[in-house]
Amino acid sequence: MQFMLLFSRQGKLRLQKWYVPLSDKEKKKITRELVQTVLARKPKMCSFLEWRDLKIVYKRYASLYFCCAIEDQDNELITLEIIHRYVELLDKYFGSVCELDIIFNFEKAYFILDEFLLGGEAQETSKKNVLKAIEQADLLQESQSEDWGSLPNEEIL
Amino acid sequence: MPAVSKGDGMRGLAVFISDIRNCKSKEAEVKRINKELANIRSKFKGDKALDGYSKKKYVCKLLFIFLLGHDIDFGHMEAVNLLSSNKYTEKQIGYLFISVLVNSNSDLIRLINNAIRNDLASRNPTFMNLALHCIANVGSREMAEAFVSDIPRILVAGETMDSVKQSAALCLLRLNRTSPDLVPMGEWTARVVHLLNDQHLGVVTAATSLITTLAQKSPEDFKTSVVLAVARLSRIVTSAAIDLQDYTYYFVAAPWLSVKLLRLLQCYPPPEDAALRSRLTECLETILNKVQEPPKSKKVQHSNAKNAVLFEAIALIIHHDSEPNLLVRACNQLGQFLQHRETNLRYLALESMCLLASSEFSHEAVKTHIETVINALKTERDVSVRQRAVDLLYAMCDRSNSKQIVAEMLSYLETADYSIREEIVLKVAILAEKYAVDYTWYVDTILNLIRIAGDYVSEEVWYRVIQIVINRDDVQGYAAKTVFEALQAPACHENLVKVGGYILGEFGNLIAGDPRSSPLVQFNLLHSKFHLCSVPTRALLLSAYIKFINLFPEVKGTIQDVLRSDSQLRNADVELQQRAVEYLRLSCIASTDILATVLEEMPPFPERESSILAKLKKKKGSSKLPDLDDVRRSVNGSTDHAENTEATETVSAHSFTDKLNLNSTPSSGPSLLVDVFSDVSSPAATDMSEEHFPRFVCKNNGVIYENQLLQIGLKSEYRQNLGRMYVFYGNKTSTQFLSFSSAVTSSDILKTQLTVHAKTVDPMIEGGAQVQQILNIECLSDFSDAPVLSIQFRYGGTLQNIAVKLPVMLNKFFQPTEMTSQDFFQRWKQLGAPRQEVQKIFKAQHQMDSDVAKAKLLGFGVALLDGVDPNPANFVGAGIVHSKTTQVGCLLRLEPNTQAQMYRLTLRTSKDSVSQRLCELLSDQF
């Protein structure tokens, strides 16, 4: 996998993970182009498209689009399930995850992703094992939790 | 449900994020961010030392701001400090910041690497993982250099925790991708392969990816992985879903690992060992069987995971291309998917079938699905699926179904999405040519293409139809008749006018017997389109008219009247005006014989690869284009093959652009005759050789002189106003040259402009040996003459004298200059005095190829400036000529006109003699 992007229906980028070295300028250009392309597609269309030399695999969960760029030889369907497994991990960790969780806890979203995918390849596909690793890390943290009140939001799963 | 606040909340961060979200406008957001940046900067610079928590919070805010798309130019140092915190969350945020915002600042890299090294050595698995994740995320060369030897050690060490092994494996994979030269193979490779046997499926998953990447680089070293991969795969596909516990995904056993193992096996040919091979075949059959079983779940995740494994298995079957039974089963399975209600599956089935179409075992099986695929082309609502259907039709096309497929593609073209029209046009053009039995069908097809999608018919396509018509006399009459009829339409595409003009100009006589298409009718028809066409088409039509004068003397008067009209003779366009003047003159003064010779029918084009195919390959990337020849090798017995070969051979494929060049290009190599004369080594052969001189205008190295005895080669380099030339004298005989001497002489005027100092050279050259002489050159002021190298030696008792014009030209002292469009035009205007500009319009002596022209201009010494000229076909360059006394800035512009086979070269420099000389030198090169 070359990169993964999460963006909202409004085209706001929520998470970006790059597994190939690119300049910031190039990253921004790619993001702009892809967000536009994917948002322009209709609901029933297929989840794959050719883009430059790459294959794009995307899926929408509630207000969020998850979008991966893979290489010619890579497997589209298994990438679709990588996306789903990641959503499941977020869901389990946050408890009915929604877009706001990812906005306010973006660093957690990155940590979970790193436990699941590394270098663009699946590192650990067992949901239990990934969550165990994250929870262990959480145990090491000081308890300084705060609540910032309820905000209107939409659950992803 | 409120956002969770698991772990550590950072209230300040949450407030800041809320503020940003509440901003009503982009301006408000920028304002809020700038305020925050100022705040953070002052905190970081403040006297009071920040505690770890505050540092973490601010670093995290900076990260958030960066991820919003704003630039961050500080905070790196604070992030690096966090790396060495012993509080996990602070370390973690530090690593995240570094991973996202890596800076090539070398001091920082050193500090980061130190922190990573400490964490790797900490034996704390959580810290080790953070460090490994950071290396994998950054993947820079510096990190590879620092850690590439540690990571394999961690990976294979017995005491390493499973989770660390997983991270280490993928970390190594990433470093191998970014700096493959740094990853050493060693005794650890065997132990890495054995990770495929590991008890922990997560470790196996990560290791399989690593082994696949490494096996692509050095397959020999990882050959043993095949046995282990097959064994592992076999255990997975035969296991009860429940066996693998958490690695079972929606009732599918370890789908990710299965896909990876199948991918690894694609790095190798089918196993030679019979038992292993049959075990693998069993696995593949099991996977194919499972798809037929009733689903264990209705969830799409279940079918996706199952089919992901299936598609990877099919990819392996296609890769092996050796088991007809499996290939046909795969094809049947994909055939079922072609009508599946899931769009995703239809898409993938079409894609995968393209590959099956190129296997001889499954080509026929793929063909049975033609109706379904054509139907997909008509009914699919998603353009990306339709695109796959077009690709598959193209891949499955052969002699037996070409007419149907071409017809379907043509009819699809009428409504096709604009984004894929050009590609379809190319594909139709290629198929029509490749499978044409009689060329009337081919001509009809291409004319249909122009009618339906004229705007998407590129030059290559219409050049090609003309090449084919010219090369095959059996189709010329039909082509003339067909274009004549097509041109009757009140509105026809300009490309049709081009083809029509060309073909009638060549072959209009073949239909002139019919009063409905008499010469005058033909001419009037063409001329009725003239005023609607662009300049290049008009130019082509004028050429067609002069050809008419030769073909049909009876319309000569009419055509001369047209050429003579003010709108032609005084046309504002130079090219049109020139053609009108020249053609009119030609028609008036030339005798019928001369006319017939000059305007003779075009000779057949020589063979070359189809330029259309090249264009399609370029468009699609050659890897994605199924090779039609592969398809062909397979089917329909040998007669078909023979016919095909014949068809492709008789069809020429060279660029049509040299078409209007009436004079054939003289070959640039030395002709035999010249050689014969120059080889007569009479004692006083002092004629100066300058035959190869022009070849050195745009290059510095090569052979400048050669006869039966001696070869003289040159290598030269120039910097500013200085140059050095290495002259190599090669004795081609087996006898020694005696009293060898060589000196450089210049005319009196040249001596004041250029100094050439020649080192002395050994007076004897052994038979077969080579000696070198160095010339030091200095340019004093601009010059146009060239120095002469005079050589004298004794060979077998005869004194030999040779004089060679040395290729030291003014342009050798160019330094290329890059400048912006704005600067260029400003300079251009400043150099507007009449004598500063020199312009020359000349006929192309070589084929007009943009890449060749580009290389020549670069060799000439100027920098080429992109995006200055609004017409991308033109070249614009800039450079400075250095001499001891002055530096002369030079701007140039070269405008090719492929239609007319002409160039226009314009040079502007601050010195008229320089403009003049550079123009002379350069204009001879094209």
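Within an unreviewed UniProt entry, the label attached to chain B reads AP-2 complex subunit alpha, and the organism entered is Kryptolebias marmoratus. According to UniProt, the comment filed for chain B under the heading Subunit (unreviewed entry) is "Adaptor protein complex 2 (AP-2) is a heterotetramer composed of two large adaptins (alpha-type subunit AP2A1 or AP2A2 and beta-type subunit AP2B1), a medium adaptin (mu-type subunit AP2M1) and a small adaptin (sigma-type subunit AP2S1)." According to UniProt, the comment filed for chain B under the heading Sequence similarities (unreviewed entry) is "Belongs to the adaptor complexes large subunit family."

The name an unreviewed UniProt entry gives chain A is AP complex subunit sigma, with Kryptolebias marmoratus as the organism. Its UniProt record gives chain A a comment under Sequence similarities (unreviewed entry), which states: "Belongs to the adaptor complexes small subunit family." What UniProt states about chain A under its Function (unreviewed entry) heading is, verbatim, "Subunit of clathrin-associated adaptor protein complex 1 that plays a role in protein sorting in the late-Golgi/trans-Golgi network (TGN) and/or endosomes. The AP complexes mediate both the recruitment of clathrin to membranes and the recognition of sorting signals within the cytosolic tails of transmembrane cargo molecules."

1. Notes on the overall build of chain B
In terms of helices and strands, chain B carries 41 helices and 17 strands. Counting contacts in chain B only where the partners sit at least 6 residues apart, residues at least 24 apart contribute 69% of the total. Per element, the accessible surface of chain B, about 40200 Å² overall, is 51% carbon and sulfur.

2. So, the nonpolar core
Residues Y86 of chain A together with I116 of chain B are the most contacted members of the largest nonpolar core, which totals 273 residues. At eleven residues, helix α2 (residues 76–94) of chain A tops the list of elements feeding residues into this core. Other than its neighbours up to four places away in sequence, Y86 of chain A contacts M4, L6, L15, F66, A109, I112, L113 and F116 of chain A.

3. A word on the interface of chain B and chain A
With 80 residues of chain B at the contact, the number on the chain A side is 75 residues. Across the chain B/chain A interface, buried area totals approximately 6900 Å², and carbon plus sulfur atoms make up 53% of it. Summed over the shared surface of chain B and chain A, the number is five salt bridges. With a shortest N-O distance of 2.9 Å, D382 of chain B and R41 of chain A are connected by a salt bridge. Where chain B packs against chain A, one counts 28 residue pairs in polar contact (both at pLDDT 80 or more). If you tally residues by element for the side of chain B that touches chain A, the top one is helix α10 (residues 162–178) of chain B, at nine residues. Taken together, the residues that form the side of chain B that touches chain A break down as 36 nonpolar, 24 polar and 20 charged.

4. Some words on empty space enclosed by the protein
Scanning the model with the defined rule gives eight cavities of 30 Å³ or more in all. Considered as a void within the structure, the largest cavity measures approximately 130 Å³ in volume. Around the largest cavity, the lining residues are L13, R14, L15, Q16, I102, I103, F106 and Y110 of chain A together with F64, L67 and L68 of chain B. Listing elements by their share of the lining of the largest cavity, those giving two or more residues are β2 (13–18), α3 (99–104) and α4 (106–116) of chain A together with α3 (52–67) of chain B. The element that contributes the greatest number of residues to the lining of the largest cavity is β2 of chain A, accounting for four residues. Considering only residue class, the lining of the largest cavity consists of nine nonpolar, one polar and one charged.

5. Concerning the environment of R41 of chain B
Residues and elements named next belong to chain B. Mapped onto the secondary structure, R41 falls in helix α2 (residues 26–45). Residue class for R41 comes out partly exposed when judged on its relative accessible area of 32%. Taking the C-alpha atoms as reference, R41 lies 8.0 Å from F74; in sequence the two are 33 residues apart. With residues near it in sequence (within four places) discarded, R41 still touches D73 and F74. In terms of polar contacts, R41 uses its side chain to reach the side chain of D73, at 3.4 Å.

6. Comments concerning helix α4 (residues 76–83) of chain B
Residues three or four positions apart in an α-helix share a direction because the helix packs 3.6 residues into each turn. The buried fraction of α4 of chain B amounts to six of the eight residues, a majority that puts the element mostly inside the structure. Along α4 of chain B, the positions that sit buried rather than exposed are H76, E78, A79, V80, L82 and L83 of chain B.

7. Quick look at the confidence of the model for chain B
Residues and elements named next belong to chain B. Scored by pLDDT, chain B comes out at a mean of 85, with 91% of its residues at no less than 70. Confidence drops under a pLDDT of 50 for residues 1–7, and excluding neighbours within four residues, the segment shows 21 contacts in the predicted structure. Predicted confidence for residues 622–685 stays below pLDDT 50, and this span has 130 contacts to residues more than four positions away or in other chains. The ipTM assigned to the predicted complex is 0.91, against a pTM of 0.68.

8. Comments concerning the sheet that holds strand β6 (residues 722–731) of chain B
Residues and elements named next belong to chain B. An order of β4-β5-β6-β9-β8 is seen for the five strands of this open sheet, with the pairing classed as antiparallel. On the outer flanks of this sheet lie β4 (702–706) and β8 (754–758), each paired with one strand and no other. Between one strand and the next, the sheet's axes are offset by a mean angle of 25 degrees, whatever the strand orientation. In this sheet, strand β9 (residues 770–779) lies alongside β6 in antiparallel orientation, the contact comprising nine bridges. Note that in β9 the partner of L722 across the bridge is E778.

9. Notes on the pattern of salt bridges
Any two side chains of opposite charge can pair if their charged atoms end up close together. Residues and elements named next belong to chain B. Taken as a whole, this structure holds 50 salt bridges over all chains when the rule is applied. Across the salt bridge formed by R141 and D181, the nearest N and O atoms sit 2.6 Å from each other. Of this pair, R141 sits in helix α8 (residues 141–147) while D181 is found in the loop between α10 and α11 (188–193), placing the two residues 40 residues apart along the sequence. The class of R141 is partly exposed, set by a relative accessible area of 37%.

10. Focus on helix α16 (residues 300–320) of chain B
Residue and element names in this part refer to chain B. Here α16 contains 21 residues, and its C-alpha end-to-end distance of 30 Å stays within 8% of the 30 Å for a straight helix at 1.5 Å per residue. Where burial is concerned, most of α16 is hidden: 17 out of the 21 residues are buried. Phi turns positive, to about 45 degrees, at D321, one or two residues after α16.

11. Here we look at the environment of K87 of chain B
Residues and elements named next belong to chain B. Locating K87 in the fold gives a position in the loop between α4 and α5 (88–100). Overall, K87 belongs to the partly exposed group, its relative accessible area being 42%. Taking C-alpha positions, K87 is 8.4 Å from G52, a pair spaced 35 residues apart along the chain.

12. Quick word on a positive patch on the surface
A surface patch of like charges, here positive, comprises K25, K28, K29 and R32 of chain A. Mapped onto the secondary structure, R32 of chain A falls in helix α1 (residues 24–39).

13. Some remarks on the packing of α16 of chain B against helix α18 (residues 343–356) of chain B
All names here are of chain B. One can describe the packing of α16 onto α18 by two numbers: an axis separation of 10 Å at closest approach and a directional angle of 10 degrees. One way to sum up the angle between α16 and α18 is to call them roughly parallel. Touching N307, F311, I314 and I318 of α16 are L345, L348, A349, S352, L355 and L356, all from α18. For the contact of α16 with α18, a count of residues per class yields eight nonpolar, two polar and no charged.

14. What about the packing of aromatic side chains?
Residue and element names in this part refer to chain B. A full pass over the atoms with the stated rule returns 30 aromatic pairs over all chains. With a centroid separation of 4.9 Å and 70 degrees between ring planes, the pair formed by W462 and Y463 is classed as edge-to-face. Exposure remark for W462: the relative accessible area of 2% places this residue in the buried category. Of the residues examined, Y463 reaches a relative accessible area of 10% and is grouped as buried. With 5.8 Å between their ring centres and 65 degrees between their planes, F814 and F860 make a pair best called edge-to-face. With F814 in strand β12 (residues 814–816) and F860 in helix α40 (residues 850–860), the pair connects residues that are 46 residues apart, well separated along the chain. Since its relative accessible area comes to 6%, F814 is described here as buried. Of the aromatic side chains, those joined through ring pairs into one cluster are Y729, F737, F740, F793 and Y795. Here the basic side chain of K427 rests over the ring of Y394, its NZ or CZ set 5.3 Å away from the ring centre.

15. Details of the pairing of strand β5 (residues 64–70) of chain A
All names here are of chain A. The buried fraction of β5 is high, at seven of seven residues. In β5, alternate side chains face the same way, and those of L64, F66, C68 and I70 on one face and Y65, C67 and A69 on the other are all buried. Here seven bridges tie strand β4 (residues 54–61) to β5, and the two strands are oriented antiparallel to one another. Bridge pairing in β5 places I56 opposite A69. Taking the residues that link successive antiparallel strands as the turn, the β4-β5 hairpin has two residues, and the phi of A62 there is positive, at about 50 degrees.

16. Quick word on the sheet that holds β4 of chain A
Backbone hydrogen bonds hold the strands of a sheet together, and the pairing may be parallel or antiparallel. Pairing is antiparallel in the open sheet, where five strands are placed in the order β2-β1-β5-β4-β3 (chain A). Among the strands making up the open sheet, the edge pair consists of β2 and β3 (48–51) of chain A. Across the sheet, the mean angle from the axis of one strand to that of its neighbour is 20 degrees, orientation sign disregarded. α18 of chain B contacts β3 and β4 of chain A of the sheet and is inclined by roughly 50 degrees relative to β3 of chain A.

Conventions adopted
Residues numbered from 1 in each chain as written. Chains lettered and ligands numbered in written order. Predicted model: local features only at pLDDT ≥ 70, side-chain atom pairs only at ≥ 80, totals over all residues. Heavy atoms only, no water. UniProt positions renumbered as here; feature names shortened; annotations may be inferred. Helix = DSSP H or I, 4+ residues; strand = E, 2+ residues; numbered from the N terminus. Contact = heavy atoms within 4.5 Å. Areas by Shrake-Rupley, 256 points an atom, 1.4 Å probe, with all protein chains shown as cover. Core = buried A, V, L, I, M, F, W, Y, C linked by side-chain atoms within 4.5 Å. Buried < 20%, exposed > 50% of the residue type's maximum accessible area, 1.4 Å probe, protein only. Buried area = accessible area lost by both parts, 1.4 Å probe. Salt bridge = Lys/Arg side-chain N within 4 Å of Asp/Glu carboxyl O. Polar contact = N/O pair within 3.5 Å; in protein donor to acceptor, adjacent residues only side chain to side chain. Nonpolar A, V, L, I, M, F, W, Y, C, P; charged D, E, K, R; others polar. 1 Å grid on protein atoms, 1.4 Å probe; cavity = no way out; pocket = protein on both sides within 12 Å on 5 of 7 lines; lining within 4 Å. Points joined across faces, edges and corners; volume = space filled by probe spheres on them. pLDDT = per-residue confidence, 0-100. Pairing = 2+ DSSP bridges. Axes fitted to C-alpha atoms, helices over the stretch in contact; angles between N-to-C directions. Expected span 1.5 Å × (residues − 1). Patch = residues over 30% accessible without salt bridge, like charges linked within 9 Å, V, L, I, M, F, W, Y side chains within 5 Å. Lys, Arg positive; Asp, Glu negative; His and termini not counted. Charge placed at Lys NZ, Arg CZ, Asp CG, Glu CD. Parallel < 35°, antiparallel > 145°, perpendicular 65-115°, else oblique. Phe/Tyr/Trp six-rings, centres within 6.5 Å; stacked < 30°, edge-to-face > 60°. Lys NZ or Arg CZ within 6 Å of the ring centre and 35° of its normal.

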